[in-house]
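Given next are the chains, with one letter for each unit.
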Amino acid sequence: MTTIASSPRLHLRVPSMADLDALAAMWADPETMRYIGKGVPWTRDEVTARIERGARAHAERGFCFWTVVRNDDGAVLGQAGVTAIDFNGPEIELGYRLGREHWGRGYATEAARLAAAHATGPLGITKLVAVAYPENLASRRVLTKIGFHAAGLSDLYYGVTAMTYRLLA
Ligand SMILES: CC(C)(COP(=O)(O)OP(=O)(O)OC[C@H]1O[C@@H](n2cnc3c(N)ncnc32)[C@H](O)[C@@H]1OP(=O)(O)O)[C@@H](O)C(=O)NCCC(=O)NCCS
């Protein structure tokens with residue numbers, strides 16, 4: 001399993017079917033999925049398709065939503081990475097989501113920072129965008145902590161009204 005980048009507590013690796021049980025359990029939780037897409041939990045089949053699509057995107061373009069793994073015990077905590085926004089781009093979006101039991105320990109900030117640094121460093125992406133539901137205050141805080149700047153409300157992406165954020169490398 002290919003490691004993309006690592007920090008003191010976490011590393012990012014290319015998603016694979018080894019992650020399916022952990023990710024399917026996390027993304028089946030309505031509370032966790034409330035601010036993702038239209039707010040509907042994902043089925044195991046959908047998570048399978050997304051893992052396959054992520055691995056393919058990584059092979060083709062060098063990026064996707066990678067799997068976030070804790071260094072000391074190998075636990076899968078969630079996903080963080082970059083992807084073409086709204087499936088089409090052209091902007092590249094930073095995104096992250098963790099299983100609910102892992103919230104509130106700074107893991108999202110650490111994983112998001114790692115993904116953004118890999119995207120703007122080795123991958124040479126000069127501009128990242130991010131979107132968050134206005135009421136998703138924890139996510140908005142993560143973005144400002146890692147240096148993103150708020151760029152106003154937009155309904156351009158995913159068919160919802162979201163706060164947009166930008167980071168210029
Ligand atoms: C959003 C999410 C990634 C945050 O993960 P996390 O590991 O708890 O985040 P961190 O601990 O790194 O940082 C969260 C920050 O938000 C703050 N925060 C948390 N809840 C908050 C709230 N209701 N209001 C204001 N700030 C809040 C925390 O205090 C912390 O800031 P601080 O370090 O200044 O104290 C996590 O809750 C999640 O995966 N949610 C479901 C998926 C999702 O919404 N993803 C983002 C889509 S845009």
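Since the model is a prediction, treat every value here as computed from it, not as a measurement. As a convention, each chain's residues are numbered from 1 in the sequence order in which they are written. In keeping with the predicted nature of the model, local features appear solely for residues at pLDDT of at least 70, side-chain atom pairs appear and are counted solely at 80 or more, and the whole-chain, interface and lining totals rest on all residues. Hydrogens and water molecules were not included; the side-chain quantities draw on all heavy atoms of the structure.

(A) How the structure looks around the pattern of salt bridges. Salt bridge, as applied in this entry: a Lys or Arg side-chain nitrogen positioned within 4 Å of an Asp or Glu carboxyl oxygen. This model, assessed by the stated rule, comprises eight salt bridges. Of the charged contacts in the structure, one is a salt bridge between Glu31 and Arg34, with a shortest N-O distance of 3.5 Å. For each residue, the accessible area found with a 1.4 Å probe, counting protein chains only, is set against the maximum for its type, and the residue is called buried under 20%, exposed over 50%, and partly exposed in between. For Glu31, a relative accessible area of 33% puts it in the partly exposed group. Judged by its relative accessible area of 44%, Arg34 falls in the partly exposed class. Asp73 serves as the salt-bridge partner of Arg70, at 2.9 Å between the closest nitrogen and oxygen. Exposure remark for Asp73: the relative accessible area of 49% places this residue in the partly exposed category. By sharing partners, the salt bridges in this structure join Arg70, Asp72 and Asp73 into a single network.

In short, the description is geometric, and any link to function would need to be established separately.
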